[in-house]
Amino acid sequence: MGTPSLRVVQVLAVVLAGLWAPCTAHGQPNFIVILADDMGWGDLGANWAETKETPHLDELAAQGMRFVDFHSAASTCSPSRASLLTGRLGARNGVTHNFAVTSVGGLPLNETTLAEVLREAGYSTGAIGKWHLGHHGHHHPSFRGFDYYFGIPYSHDMGCTDTPGYNLPPCPPCPRHGAAARVARKDCYTEVALPLFENVTIVQQPVNLSSLAARYAEQAAWFIRQASDSGRPFFLYLALAHMHVPLGVPPPPPPATAGRGIYGAALREMDALVGRIKRVTDRHGKGNTLLWFAGDNGPWAQKCELAGCVGPFVGAWQRQRGGSSAKQTTWEGGHRVPALAYWPGRIPAKRTSRALLSTLDIFLTLVALAGATLPPNRRFDGLDVSPVLFGWSDVGHKVLLHPNSGAAGKDGEIEALRLAQYKAFYTTGGAMACDGSIGPAEHHQPPLIFNLDRDIQEQEPLDVASREYQAVLPAISRAYAQALEDIATDNVSIADYSKDPAATPCCNAQHVACRCQAAVPDQHTERRAARLCL
């Protein structure tokens, strides 16, 4: 029996999802969350004047709200995404570091995702792009509340392709013969090709990275049109491959804007993709659709010229001691990310918010706007920040916690926090920098405290003997103790990080690198070799 065409499968997914839509769906807003990968705060032109590659995002900022003190919930992939989709830090939801290609587990199944909450409230739900919260069994996005999924189940450097793109170090293409598969390359995956899923089916392995951005844009546009035509509200989670390495090979840039080379070209490609989604949104849901754009963490500094720009958040204290102060660290460059919100008629245009906000807030805000019910018997780290979105307030978190994310300390533990303009570190450390250096982990008791109003570069901590330090330390100590106590007395989940080679997504184990005999070149072609792979 032949495999059904991509369009038939897509339409069937939406129709089936609509059969049980409750009557409460009418009047609820649509939500589009676009998450960029490894994008620096300074990679947004509206944030950093030297950046010229983001005209569509800058237009989004001009027509909506720009957040300048917005933070990812962690500064590495899996924990950041788990927190966005649960409203809870990794210390609560169990996701403290990244999942692997061979991971058996994922985001714990007793954690409730934003998609599950919104689907229960009548929403059509779709996820397109990177998942990285478990792909084996019921950890796959198709079992975590999403009616439709199209994407790669983890980072797109976690498998070989025939179109390797740009990476440091450069990675070879997938092997085509058995002996080649045994050649190991440092920091490169050479054994198994990168898979592309539609729902629970691998439709291409290896993925063609050269056309991936266009396919994501096409599938996102399709989902928005179909969901809008159905009359149901929708939630689209679009987790982009940009700006994570390997970077693709987009068309050459105009001479006037060629200064950032490959990275700049990839940034322009991402910007154009977001611009296309905005245009589709304006045609099919303008006035009733909230589009929220944010980054998942800061730039991956060890990738050198293929890494993004942190803007002014250079973490100077750490850089003087070695290592990077961006991705994987608790310095501002690791977790302060670009963020924009656009909702014509609801969110004021040309507005800049200085409220202390986080990707943690997306969960609670969308649940509140949808009139949905929060999952019971657990505590949340995010806030409903709709008053900030609508311009009624510019007050966010009083205290914001920053978990360890790989550079220093135990993964997921809270050893840095923000209280108003003060940033306290109980542990510091630098991730690998472009020059190969790694800053040593250092523990601080009493903590290092920076006043970010005066020292955004985090260059000089307050003198322990100063009046300012002595005045703020008691409040920081209380906030820290209360936060740890709140987590310790909550319903805390534990993720399964065990590994099994059998969990590796593989289209055809009889072929080198799990190649499909006939990968699907576009959505109008019949699938002949794809199969379920859970």
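Conventions we followed
Residues numbered from 1 in each chain as written. Predicted model: local features only at pLDDT ≥ 70, side-chain atom pairs only at ≥ 80, totals over all residues. Heavy atoms only, no water. UniProt positions renumbered as here; feature names shortened; annotations may be inferred. Phe/Tyr/Trp six-rings, centres within 6.5 Å; stacked < 30°, edge-to-face > 60°. Lys NZ or Arg CZ within 6 Å of the ring centre and 35° of its normal. Salt bridge = Lys/Arg side-chain N within 4 Å of Asp/Glu carboxyl O. Helix = DSSP H or I, 4+ residues; strand = E, 2+ residues; numbered from the N terminus. Buried < 20%, exposed > 50% of the residue type's maximum accessible area, 1.4 Å probe, protein only. 1 Å grid on protein atoms, 1.4 Å probe; cavity = no way out; pocket = protein on both sides within 12 Å on 5 of 7 lines; lining within 4 Å. Points joined across faces, edges and corners; volume = space filled by probe spheres on them. Nonpolar A, V, L, I, M, F, W, Y, C, P; charged D, E, K, R; others polar.

As recorded by an unreviewed UniProt entry, the chain carries the name Arylsulfatase G and is attributed to Syrrhaptes paradoxus. On record in UniProt, under Cofactor (unreviewed entry), the comment for the chain is "Ca(2+)". Its UniProt record, at the heading Sequence similarities (unreviewed entry), says of the chain: "Belongs to the sulfatase family."

1. Some remarks on the packing of aromatic side chains
Scanning the model with the defined rule gives 20 aromatic pairs in all. Among the aromatic residues, those joined into a ring-pair cluster are Trp131, Phe146, Phe235 and Tyr237. Positioned above the aromatic ring of tryptophan 300, the side-chain terminus of lysine 303 is 4.7 Å from the ring centre. It is arginine 321 that lies over the ring of tryptophan 317; its NZ or CZ is 3.6 Å from the centre.

2. Section: the pattern of salt bridges
In this structure the tally under the stated criterion is 21 salt bridges. Put simply, arginine 81 and aspartate 37 hold a salt bridge, and the shortest N to O gap is 3.3 Å. Taken together, the residues arginine 81 in helix H3 (residues 77-86) and aspartate 37 in the loop between strand E1 (30-36) and helix H2 (55-63) connect sequence positions 44 residues apart. When salt bridges with common partners are traced through the structure, they connect Arg88, Arg92, Glu111, Arg379, Asp381, Asp486 and Asp490 into a single cluster.

3. Thoughts on helix H10 (residues 360-370)
Most of H10 is tucked away, with 10 of its 11 residues classed as buried. Buried residues of H10: Leu360, Asp361, Ile362, Phe363, Leu364, Thr365, Leu366, Val367, Leu369 and Ala370, and no others. Glycine 371 sits one or two positions beyond H10 and adopts a positive phi of about 70°.

4. Here we look at empty space enclosed by the protein
Across all of its chains, the model carries 5 cavities of 30 Å³ or more by this definition. Lining of the largest cavity is provided by 15 residues; of these, Leu209, Ala241, His242, Gly248 and Glu269 occupy positions nearest its centre. If you list the elements that add at least two residues to the lining of the largest cavity, you get helix H6 (212-230) and helix H7 (261-285). Looking at the lining of the largest cavity element by element, the count peaks at 3 residues for H6. If you add up the space inside the second largest cavity, you get close to 110 Å³. Here the residues of the lining of the second largest cavity sort into 7 nonpolar, 4 polar and 2 charged.

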